[in-house]
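The lines below spell out each chain.
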Amino acid sequence: MLRGADIVLRCLRAEGADLVFGYPGGAIMPLYDALEGSGVRHILTRHEQGAVFAAEGYARITGEVGVAIATSGPGATNLVTGIADAKMDSVPLVCLTGQVRTPLIGTDAFQETDVFGLTLSLTKWSRLVRTLEEIPAVIAEAFYWARSGRPGPVVIDLPVDLLKAKMEFRGPVEFHPQPRPSQNNAEPVFADTAITLLQNAKKPVALVGAGAKLSGAIDQLRQLLDHLQIPTFATVHGLGAVEQRAPYYLGMVGMHGTRAANMALDETDLLLVFGARLDDRVTGDPIRFAPNARIVHFEIDPAQLDRVRPCELPVVGDLAETIPAFHSVLNRAALPDWSAWRAVACGAERAEPDPRGLAQPTKQFLDELFSRLPANNVIVADVGQHQMWAAQRYRFSTPRGFITSGGLGAMGFALPAAIGVQLARPDTCVLCVSGDGGIQMNIQELATVRRLGLPIKIVIVDNKYLGMVRQWQQLFYNRNYAETDLSDNPDFVDIAKAYKIHAWRLGEDALRQWPVSQETGDALERFLKSPEPELLVFECHPEANVFPMVPAGAALSELMLEED
Amino acid sequence: MQVFHIRYRNTQGTLMRILTAASRRGIELPYVQAEPAGHGHEVTLLLEVNAKQVGQLFRDWYAVVDVTDARAGSMKDFEQYTAWAMPHPPASAGVQANSAAASA
């Protein structure tokens, strides 16, 4: 006879989940009681949001399912931001929440919330477990849906009495979904149509999103792009999927993308989209997005098709299948010579935007830092100006080398996510880049870093403002810096020291000379090579801005290269 | 107005996910009828939607793991439902009344 809690842990192990993140509480106590000897390693964070972001970091770097655990009520509600984040960015995530005893459900009992109802619109699938016997099947199904198709979050709500009850356990089960109508059209008929569109195109381009990485189709995609040799760019989550030195690669597209990428997208007459949702940060004004283009959209999730703009040819299916199917037919087709178009698109102005702007020392700092990274590295960026500077400056060594909260844009993501990344990749240099606003949203996780002795390198780009919001206030709200002033920030070096993490500060003055002094360079080297956690506060100009920038709702062609 | 028929396996939350696809877009739900149908269940919805929303709704419904079929129906289907001919419904009336009060 095993307790429900023991059965849950055995089923987790059967799904390969032997590392989980969580925070205990009343309704989930039986699960914690069963942890010892279960073979499941639990990472205690200092807040449930830290746990779910850490689980996300683990899932994003490995491609495996991340697991977060919380108690009922406030524990469960603290997971919600992470669940929404996982939904937006297609992260496989299983959240286990404790629930009040079965007879108390619906009575507004202590620490009862309807987490099932709360998360319905944020999850791919969810279950409130009602009997002990269904636990193995529920866990198997949860992992199946978290992994399958477009990955995403699922929630299992576990009443505490079922976790304590005992039954004969025959072992984990497998889930076999019932068949449903196939929407996959990855057969040659689509490829013929796509090739006809290509043959008639004068200015084709390719846009690459996260789907290329999630499907494990990087090699197939790169081979296809090498064949096509058309101007190519990536969303923030697609960065790293395309070989950065490829002569046809134009960098990041969208609100803070390169001028070359945005202009090519504005001019194209055929847009091939590989695994991207085409959200508003990529399209700008959807009416004026790629105004002359026909769209061929390769996408695993049919819910993403035609969401913003109708596409001429939806290709629904796993990119690992649809790209090779397309390429195999393409090999037999005669394609036009697009070299003149490629030369125009790739020859577009690539000079540094805003070279005399206040952000220049920060960009130099990031260049200096990134140039010293070992080959085996991952950047985990928070949300804000530093995120976009990092996305613009980082030179990718691996497809999953840049991890950030892209769709939801959840401040506070980076530090706990870096914990998950470092645990999954102990030999990798994990660089957490955050801002003075974002770091304070989950700063308590410095305790988790210290407790585990994780050698995460934390950089706080400190401009003493909520920088991105302030930038919008400057540019679009007549410099009315309403409630974005953080000049009364605490001393982050002192805070890190209180957590027994070595910390130091670097000012813009150190970046004024080029190249940087031997002393500064050596300090950065020591920082990155330390076997211990380290924190560096880089003091950035308060009014530094991120350029290029496409104002919200504007066309991509209306991007600003500097402040007017 | 457009009629939709969505077939689904009646697992926890599936009907709510179907309805949420409409409500998250601010589409009111003046008529909802869910009932057993064959080996599963079917919900009939009457929604005020534009062409773009129709496409989005179908794709969202198919993304619900226990939805097995979604199709548009005919308004003739509604002739049997006398309730639909009545003034309708509290949610819409409330919104209008509040709007009038707010602008008064």
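Keep in mind the model is a prediction, meaning the values are calculated, not measured.

K.L.:
Can you walk me through the pairing of strand β3 (residues 40-47) of chain B in this structure?
P.N.:
Residues and elements named next belong to chain B. The buried fraction of β3 amounts to 7 of the 8 residues, a majority that puts the element mostly inside the structure. In terms of strand pairing, strand β1 (residues 2-8) meets β3 through 7 bridges, oriented antiparallel. The partner of Tyr8 across the bridge, within β3, is His41. As paired strands, strand β2 (residues 31-37) and β3 are joined by 7 bridges and run antiparallel to one another. If you follow Gln33 over to β3, its bridge partner there is Thr44. Taken together, β2 and the strand that follows it, β3, pair antiparallel across an intervening segment of 2 residues, in which Gly38 is found at a positive phi of about 60°.

K.L.:
Hey, could you run me through the environment of A:Gly16 in this one?
P.N.:
Its location among the elements puts A:Gly16 in the loop between α1 (4-14) and β2 (19-22). Along the primary structure A:Gly16 and A:Val40 are separated by 24 residues, whereas in three dimensions their C-alpha atoms are 9.6 Å apart.

K.L.:
Just checking my understanding: could you explain the interface of chain B and chain A for this structure?
P.N.:
Many structure descriptions define interface size as the accessible area lost when the parts assemble. At the junction of the two partners, chain B supplies 18 residues and chain A supplies 23 residues. Carbon and sulfur atoms make up 47% of the surface buried where chain B meets chain A, a total of about 1,800 Å² over both sides. At the junction of chain B and chain A, the tally comes to 1 salt bridge. Here A:Asp306 makes a salt bridge to B:Arg59, at a shortest N to O gap of 3.8 Å. Where chain B packs against chain A, one counts 8 residue pairs in polar contact (both at pLDDT 80 or more). For the side of chain B that touches chain A, the element with the most residues is helix α2 (residues 51-63) of chain B, which contributes 6 residues.

K.L.:
Can you walk me through α1(A) in this structure?
P.N.:
Helical geometry note: an α-helix holds 3.6 residues per turn, so side chains three or four residues apart project in the same direction. Within α1(A), 8 of the 11 residues are buried, leaving the element largely enclosed by the surrounding structure. Backbone geometry just downstream of α1(A) places A:Gly16 in the positive-phi region, at approximately 85°.

K.L.:
Please clarify how the side chain of A:Gln99 should be interpreted in this entry.
P.N.:
Residues and elements named next belong to chain A. Among the secondary structure elements, Gln99 is positioned in strand β5 (residues 93-99). Engagement of the side chain of Gln99 in a polar contact is seen with the side chain of Asp157, the distance being 2.8 Å. Beyond its immediate chain neighbours, meaning those up to four positions away, Gln99 contacts Ala27, Ser72, Ile105, Glu112, Thr113, Val115, Leu128, Asp157, Leu158, Pro159 and Val160.

K.L.:
Help me understand the environment of A:Arg41 in this model?
P.N.:
Residues and elements named next belong to chain A. Inspection of the secondary structure assignment puts Arg41 in strand β3 (residues 41-44). For Arg41 and Asp18, which are 23 residues apart along the polypeptide, the C-alpha to C-alpha distance reads 5.8 Å. Apart from the residues lying within four places of it in its own chain, the contact partners of Arg41 are Asp18, Leu19, Val20, Leu423 and Leu452.

K.L.:
What exactly am I supposed to notice about the sheet that holds strand β14 (residues 313-316) of chain A here?
P.N.:
Residue and element names in this part refer to chain A. Read across the open sheet, the 6 strands follow the order β11-β10-β9-β12-β13-β14; overall the sheet is parallel. Whereas interior strands pair on both sides, the edge strands pair on one side only; in this sheet they are β11 (249-252) and β14. Each strand of the sheet is rotated relative to its neighbour by a mean of 15°, with strand direction disregarded. Across 5 bridges, the pairing between strand β12 (residues 270-274) and strand β13 (residues 294-299) is parallel.

K.L.:
Could you clarify how one ought to interpret the nonpolar core in this entry?
P.N.:
The nonpolar side chains of a soluble globular protein tend to be buried with one another. All names here are of chain A. Of all hydrophobic cores here, the largest spans 103 residues; its most connected members are Leu265, Phe274, Phe326, Phe365 and Leu431. The greatest single-element share of this core, amounting to 6 residues, is contributed by helix α9 (residues 188-199). Residues Leu19, Val52, Ala414 and Val449 belong to the second largest nonpolar core, which totals 52 residues.

K.L.:
Just to check I follow, could you spell out the side chain of A:Glu141 for this structure?
P.N.:
Residue and element names in this part refer to chain A. By secondary structure assignment, the location of Glu141 is in helix α7 (residues 135-147). For the buried Glu141, no salt bridge is present, and the opposite-charge side chain at shortest range is Arg127, 4.4 Å distant. Setting aside its immediate chain neighbours within four residues, Glu141 contacts Trp125, Arg127 and Phe175.

K.L.:
Whenever I open this one, the pattern of salt bridges confuses me. Can you help?
P.N.:
Residue and element names in this part refer to chain A. Taken as a whole, this structure holds 29 salt bridges over all chains when the rule is applied. A salt bridge links Arg3 to Asp6; the nearest nitrogen and oxygen atoms lie 3.0 Å apart. By relative accessible area, which is 18% here, Asp6 ends up buried. One network of salt bridges, in which partners are shared, links Glu56, Arg60, Asp85 and Asp89.

K.L.:
Whenever I open this one, the confidence of the model for chain B confuses me. Can you help?
P.N.:
In regions of low pLDDT, the predicted coordinates are not meant to be interpreted in detail. All names here are of chain B. Of all residues in chain B, 73% attain a pLDDT of 70 or more, and the chain-wide mean is 82. Highest mean pLDDT in chain B belongs to helix α1 (residues 14-23) (96); lowest belongs to helix α3 (residues 90-103) (53). pLDDT under 50 marks residues 87-94. Its contacts with residues more than four places away, or in other chains, come to 5 contacts. For this predicted complex, the interface confidence score (ipTM) comes to 0.89, while the overall pTM stands at 0.94.

K.L.:
Can you help me understand helix α22 (residues 518-529) of chain A in this one?
P.N.:
Residues and elements named next belong to chain A. Relative to the 16 Å expected for 12 residues at 1.5 Å per residue, α22 spans 16 Å between its end C-alpha atoms, a close match to the ideal helical length. Those residues of α22 not exposed but buried are Thr520, Gly521, Ala523, Leu524, Phe527 and Leu528. Relative to the axis of α22, the buried residues are bounded by an arc of 160° and lie together on one face. Along α22, exposed side chains directed more than 90 degrees from the buried face belong to Gln518, Glu519, Arg526 and Lys529. Its buried side turned inward, α22 meets α16 (360-371), β17 (429-435), β18 (457-462), β19 (502-507) and β20 (534-539).

K.L.:
Would you explain the packing of aromatic side chains in this entry?
P.N.:
Aromatic rings considered in pairs are described by the distance between their centres and by the relative angle of their planes. Residue and element names in this part refer to chain A. All chains considered together, the criterion is met by 20 aromatic pairs over all chains. With a centroid separation of 6.3 Å and 55° between ring planes, the pair formed by Phe21 and Tyr58 is classed as tilted. Of the two residues, Phe21 sits in strand β2 while Tyr58 sits in helix α3 (residues 48-62), which places them 37 residues apart along the sequence. The two residues Phe21 and Tyr58 agree in class, both being buried. What links up through ring pairs into an aromatic cluster is the set Phe190, Phe274, Phe298 and Phe326. Geometry around Tyr465 places Arg470 over its ring, the cationic atom sitting 5.7 Å from the centre.

K.L.:
Would you mind showing me how to read the packing of helix α11 (residues 218-228) of chain A against helix α14 (residues 319-330) of chain A here?
P.N.:
All names here are of chain A. Where α11 meets α14, the closest approach of the two axes is 9 Å, and the angle between their N-to-C directions is 30°. Considering the angle they form, α11 stands roughly parallel to α14. As for the relative orientation of α11 and α14, their crossing is left-handed in sense. Residue-level contacts link Gln220, Leu221, Gln223, Leu224, His227 and Leu228 of α11 to Ala320, Ile323, Pro324, Phe326, His327 and Leu330 of α14. Looking at side-chain class alone, the contact of α11 with α14 contains 8 nonpolar, 4 polar and no charged residues.

K.L.:
Please clarify how the state of the cysteines should be interpreted in this entry.
P.N.:
Here a disulfide denotes a covalent bond joining the sulfur atom of one cysteine to the sulfur atom of another. Residue and element names in this part refer to chain A. If you walk through the whole model with that rule in mind, you get 0 disulfides over all chains. Cys540 takes part in no disulfide bond, and the closest cysteine sulfur to it belongs to Cys432, at a distance of 16 Å. According to the relative accessible area criterion, Cys540 is buried, its value standing at 6%.

K.L.:
Please clarify how the environment of A:Asp85 should be interpreted in this entry.
P.N.:
Residue and element names in this part refer to chain A. Mapped onto the elements of the fold, Asp85 is located in helix α5 (residues 80-88). For the pair formed by Asp85 and Ser405, sequence separation is 320 residues and the distance between their alpha carbons is 6.8 Å. Setting aside residues no more than four positions away along its own chain, Asp85 makes contact with Phe53, Glu56, Arg60, Ser405, Leu408, Ala410 and Phe413. Here the side chain of Asp85 touches Ser405 through a polar contact of 2.6 Å, side chain to side chain.

What counts as what
- Residues numbered from 1 in each chain as written.
- Chains lettered and ligands numbered in written order.
- Predicted model: local features only at pLDDT ≥ 70, side-chain atom pairs only at ≥ 80, totals over all residues.
- Heavy atoms only, no water.
- Buried < 20%, exposed > 50% of the residue type's maximum accessible area, 1.4 Å probe, protein only.
- Helix = DSSP H or I, 4+ residues; strand = E, 2+ residues; numbered from the N terminus.
- Pairing = 2+ DSSP bridges.
- Contact = heavy atoms within 4.5 Å.
- Buried area = accessible area lost by both parts, 1.4 Å probe.
- Salt bridge = Lys/Arg side-chain N within 4 Å of Asp/Glu carboxyl O.
- Polar contact = N/O pair within 3.5 Å; in protein donor to acceptor, adjacent residues only side chain to side chain.
- Axes fitted to C-alpha atoms, helices over the stretch in contact; angles between N-to-C directions.
- Core = buried A, V, L, I, M, F, W, Y, C linked by side-chain atoms within 4.5 Å.
- Lys, Arg positive; Asp, Glu negative; His and termini not counted.
- pLDDT = per-residue confidence, 0-100.
- Expected span 1.5 Å × (residues − 1).
- Arc of directions from axis to C-beta.
- Phe/Tyr/Trp six-rings, centres within 6.5 Å; stacked < 30°, edge-to-face > 60°.
- Lys NZ or Arg CZ within 6 Å of the ring centre and 35° of its normal.
- Parallel < 35°, antiparallel > 145°, perpendicular 65-115°, else oblique.
- Left-handed = near helix turned anticlockwise from the far one by under 90°.
- Nonpolar A, V, L, I, M, F, W, Y, C, P; charged D, E, K, R; others polar.
- Disulfide = S-S within 2.5 Å.

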